[in-house]
Amino acid sequence: MAGSVLPPGLSRRRFLSAMGAAGGAGAMFATMGALGLAPTAHASAGYEPPRRSDFALTGRGAAKVVILGGGIAGLATAYELTKGGYDCTVLEAADRPGGRNFTARGGTVQTDLRGNTQTAAFSEGIYLNAGPARIAQWMVTLDYCRELGVSIEVFANANASGFVYNEAAGMRQPERIRTAKADVYGYVSELLAKATDRGALDGELTATDKERLLDFLRDWGAIGDKAAGRRYLGSSRRGYSTDPGAGDQAGVPLGPVPSLAQTLADGAGRYFSFDFTYEQAMLMFQPVGGMDRIPMALARALGPQRLRLRTAVTRIVNAPDKVGVTFLGPDGKEGHLVADFCVAALPPQVLARIPHNLGADVQAALGKWQLGTAAKIGLEYKSRWWETDYRIYGGITDTDLDIERVWYPSHGFHGPRGLLVNYCYGNHARQYGELSPEQRIQRAVEQGVKIHGAKHRTELADSFSVAWHLMPHLESAWAMPPLGTPAYQLLGKPAGRVYFAGDWLTHLTAWQAGAFESARLVVRRLHERVLSR
């Protein structure tokens, strides 16, 4: 083939097979990207991974790197370094890769720090993304899905057919999100339009500006014109008590419209800004078959020889020219690994408990992160009654109950079974963590019945729950960084030959994208250091 970079007589297939055998799937992916045969994660983000050819003219060789933690940051660090020929070993204390990227399926067994053991008995195709569950389309995570061949599908992060239910505000029954939005937007538009007509904004707006604003408000809030007093009287945006159909069935709009005072008292508007958040705006995505498809793909790319599970780090020794790591292996025996560099991709509070000689300032800095917790409760049902009874296909219901929100599944529509997820944070998550798994389910179902009625209890088939502050080797849902402080700046740099990585060292805390971005930053800095030796 004209212009081929391959040696004469060597086909692409044979060449790639040889690369895969010699360097693993990571090296093969990188080579395919260089040949233009596969998309690469760096193409859209301006990131250039290490390449084996980087060493060709320097006379230097790639280094040996030990990576502590097999979560997304640790796996991505190893994956990217392997592209450049680095000898990487990942040590992970758990029996699975992924860290907080944890998907529970039928047969999953998990024991928490209180000794509670759960075994999921979910049906085929049913799973709980107990950690991350959604990906914004601007995040680098999707680029890795593309590169690694992880199929994605839409995650319905918002659905007008979902509910809002604020029990403490006196709501007697759940209200559709579309209805609540129509009323809140309608009354806000009415008030602003009336203020505009009365000259309250004359100091801020020209006559032309006021007309433009009023045009917007008439459409946004579905309010009347000036002759009708700019009043909000409701519209079909609120929904129908009888949907439009054939013949004379024009549909019966939902009514009556609550008063302004009642609309404000219900407090539904507190949830609407969620849709505007940059990280949460639709469209969002999820891997087909479960979020752990991402760490599993990274683990396959690395190969079993580079990833050691059930291996807990017990000591880190930073020397002038090497790093020594002591660990307990799956057999309980102590082992020792020496490398040129180390990347510590563990949560800061876990890393702080490992004996090391990185200095008192590093130890003090590790204690500056604020730990957050969250809990997820997955409820499998014998039928998808939320689809048949309420016409809800994906999306979220928000509530002031202690379950906080209900996620409806964004896959498996019209299937025989499905999984609802309760997701809560902070004090509510800690309160659920205090309960046994059985008590958690009982409490969560009691709350859900207030929204959905009896089927929320009677159709229940199985359940599985996770309180992240009780998860071994992790002990939090996320760690909020002290941005702009000396501690954040210190751990953003290497301590001798030890680098630090994780979403906790980014502005994308609690997102896999943060872990990927942190890994890339460390890889770039480490690679530059090796090339400059």
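Computed from a predicted structure; not experimentally measured.

### Focus on the packing of aromatic side chains
Summed over all chains, the structure comprises 22 aromatic pairs. Ring geometry for Phe 216 against Trp 220: centres 5.6 Å apart, planes inclined by 15°, an arrangement best described as stacked. With Phe 216 and Trp 220 both in helix 5 (residues 207-221) and four residues apart, the pair spans about one turn of that helix. A relative accessible area of 44% means that Phe 216 is categorised as partly exposed. When its relative accessible area of 31% is taken as the criterion, Trp 220 is described as partly exposed. For the ring pair Trp 385 and Tyr 390, a centre distance of 6.4 Å and an interplane angle of 75° mean the geometry is edge-to-face. One exposure class covers both Trp 385 and Tyr 390, and it is buried. Put simply, the rings of Phe 155, Trp 407, Tyr 423, Tyr 425 and Trp 478 touch in pairs and so form one group of aromatic residues.

### So, the pairing of strand 18 (residues 341-344)
Both faces of strand 18 are covered, namely the face carrying Phe 341 and Val 343 and the face carrying Cys 342 and Ala 344. The sheet contact formed by strand 1 (residues 64-68) and strand 18 spans four bridges and is parallel. The residue bridging Val 66 from the neighbouring strand is Cys 342, located in strand 18. Pairing analysis gives three bridges linking strand 18 to strand 26 (residues 498-500), with the strands arranged parallel. When the bridges of strand 26 are listed, Ala 344 appears paired with Phe 500.

### Some thoughts on the environment of Phe 274
Mapped onto the secondary structure, Phe 274 falls in the loop between helix 6 (260-266) and strand 13 (284-287). According to the relative accessible area criterion, Phe 274 is partly exposed, its value standing at 28%. As a C-alpha pair, Phe 274 and Glu 434 span 160 residues in sequence and 29 Å in three-dimensional space. Dropping the residues within four chain positions of it, Phe 274 is found in contact with Arg 134, Asn 157 and Gln 280.

Criteria and thresholds
Residues numbered from 1 in each chain as written. Predicted model: local features only at pLDDT ≥ 70, side-chain atom pairs only at ≥ 80, totals over all residues. Heavy atoms only, no water. Phe/Tyr/Trp six-rings, centres within 6.5 Å; stacked < 30°, edge-to-face > 60°. Helix = DSSP H or I, 4+ residues; strand = E, 2+ residues; numbered from the N terminus. Buried < 20%, exposed > 50% of the residue type's maximum accessible area, 1.4 Å probe, protein only. Pairing = 2+ DSSP bridges. Contact = heavy atoms within 4.5 Å.

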